[in-house]
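Per-entry structural report
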Amino acid sequence: MRLGRIAHPEGICFAIIDGPEGAPLEELVAKEISGTPFTTPEPTGREWKVSDVRLLAPTLPTKVVALGRNYADHVAEVFKESAEHLPPTIFIKPSTAVVGPNVPIKIPDFATNVEFEGELAVVISKVSKNIKAENWKDHVLGYVICNDVSSRDLQFKDGQWARAKGIDTFCPLGPWIETDLDSLNLDDQKINAYLTHDGKREQKQDSNTDQMIVKMGGILEEISAAYTLLPGDVVTTGSPAGTAPMVPGDTIEIEIPGLGSLINPIERA
């Protein structure tokens, strides 16, 4: 099941996004549910074509907890060292960084080298602490695409990543949550990113989750040992290689087959 959050003519609600996988928005229907996605979804009977509403970030997390340096090729690409010398690290993006599909990523003047990072992420389903790796699915509502936007200049200047990765609009999520946890093969799942610059669309990321150093269960076990995760919180799994600078006027699309595409334009703040 795909669960989204939409702005419709009468307000905002959570909805089941119904229709064939890969179909254009014109063929998808948003069916309003009562309450939140963290209980059994109950349709209210109201529905709209997805093309007639606005998709919002599908969850309202209290925090986004991320695992950085979880792909060896990305470590070599950004840090110019091997993953053996720079193991994965945990950081947090604030809720104010979260935006939905098609919302501009706004680059402030003090961030001079901003890159995208296309990532697979999960949405937490319940209050969770000390998750066991083998039981991770018991704590996850579903999968979502995340763009871990990062200001490389600030990342290296500051020596820690809070500002570089936590700027407003620097965490697009969407387009919806896929709740079928068996729908993806996490040992062999494609992650693609396409950057459109000066009208030319070019594939930048062309990778696979089989390159992850720490796997999903281990990620959630390590993170939940430190932080209590709340319903709606997001945990990201790291970026593969292929990240590249973005500038105002560009458009970035993160695609994970089975989850759809997360598209955002780039603007000057």
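Residues numbered from 1 in each chain as written. Predicted model: local features only at pLDDT ≥ 70, side-chain atom pairs only at ≥ 80, totals over all residues. Heavy atoms only, no water.

Description of the overall build of the chain
A count of helical and extended segments in the chain gives four helices and 19 strands. For the chain, whose C-alpha radius of gyration is 18 Å, the value lies close to the compact-globule estimate of 18 Å for 269 residues. Seen through its principal axes, the chain has C-alpha atoms that stretch 55 × 45 × 30 Å. Counting all 269 residues of the chain, 54% fall into the buried class. Excluding contacts between residues fewer than 6 apart, the proportion of contacts in the chain whose partners are at least 24 apart in sequence is 70%. Accessible area for the chain stands at about 11,300 Å²; split by element, carbon and sulfur atoms hold 50% of it. (Helix = DSSP H or I, 4+ residues; strand = E, 2+ residues; numbered from the N terminus. Rg over C-alpha atoms; globule rule 2.2 N^0.38 Å. Buried < 20%, exposed > 50% of the residue type's maximum accessible area, 1.4 Å probe, protein only. Contact = heavy atoms within 4.5 Å. Areas by Shrake-Rupley, 256 points an atom, 1.4 Å probe, with all protein chains shown as cover.)

Details of the environment of alanine 121
Along the polypeptide, alanine 121 turns up in strand S11 (residues 118-124). When the C-alpha atoms of alanine 121 and alanine 30 are compared, they prove to be 22 Å apart, with 91 residues separating the residues in sequence. Apart from the residues within four sequence positions on either side, alanine 121 is in contact with Gly142, Tyr143, Val144, Cys146, Val234, Val235 and Thr236.

Some remarks on the layout of surface pockets
Size it by volume and the largest pocket reaches roughly 460 Å³. Lining the largest pocket are 25 residues; nearest its centre among them are Leu25, Pro175, Trp176, Gly260 and Ser261. When residues of the lining of the largest pocket are traced back to their parent elements, those giving at least two are strand S5 (54-56), strand S14 (171-178), strand S18 (251-256) and strand S19 (260-268). Residue contributions to the lining of the largest pocket peak at four residues, all from S19. Residue composition of the lining of the largest pocket, grouped by class: 15 nonpolar, six polar and four charged. (1 Å grid on protein atoms, 1.4 Å probe; cavity = no way out; pocket = protein on both sides within 12 Å on 5 of 7 lines; lining within 4 Å. Points joined across faces, edges and corners; volume = space filled by probe spheres on them. Nonpolar A, V, L, I, M, F, W, Y, C, P; charged D, E, K, R; others polar.)

Quick word on the side chain of lysine 63
In this fold, lysine 63 is placed in strand S6 (residues 63-68). Looking at lysine 63, its side chain comes within polar contact range of the side chain of threonine 62, at 3.4 Å. Sequence-distant contacts of lysine 63, defined by excluding residues within four places in its chain, comprise Ile92, Lys93, Tyr227, Thr228, Leu229, Leu230, Asp233 and Val234. (Polar contact = N/O pair within 3.5 Å; in protein donor to acceptor, adjacent residues only side chain to side chain.)

Regarding helix H1 (residues 72-79)
Among the residues making up H1, those that are buried are His74, Val75, Val78 and Phe79. In a view along the axis of H1, the buried residues occupy a sector of 105 degrees, so they form one face of it. Close packing links the buried residues of H1 with helix H2 (152-158). At the exit of H1 stands lysine 80, carrying a positive phi of roughly 60 degrees. (Arc of directions from axis to C-beta.)

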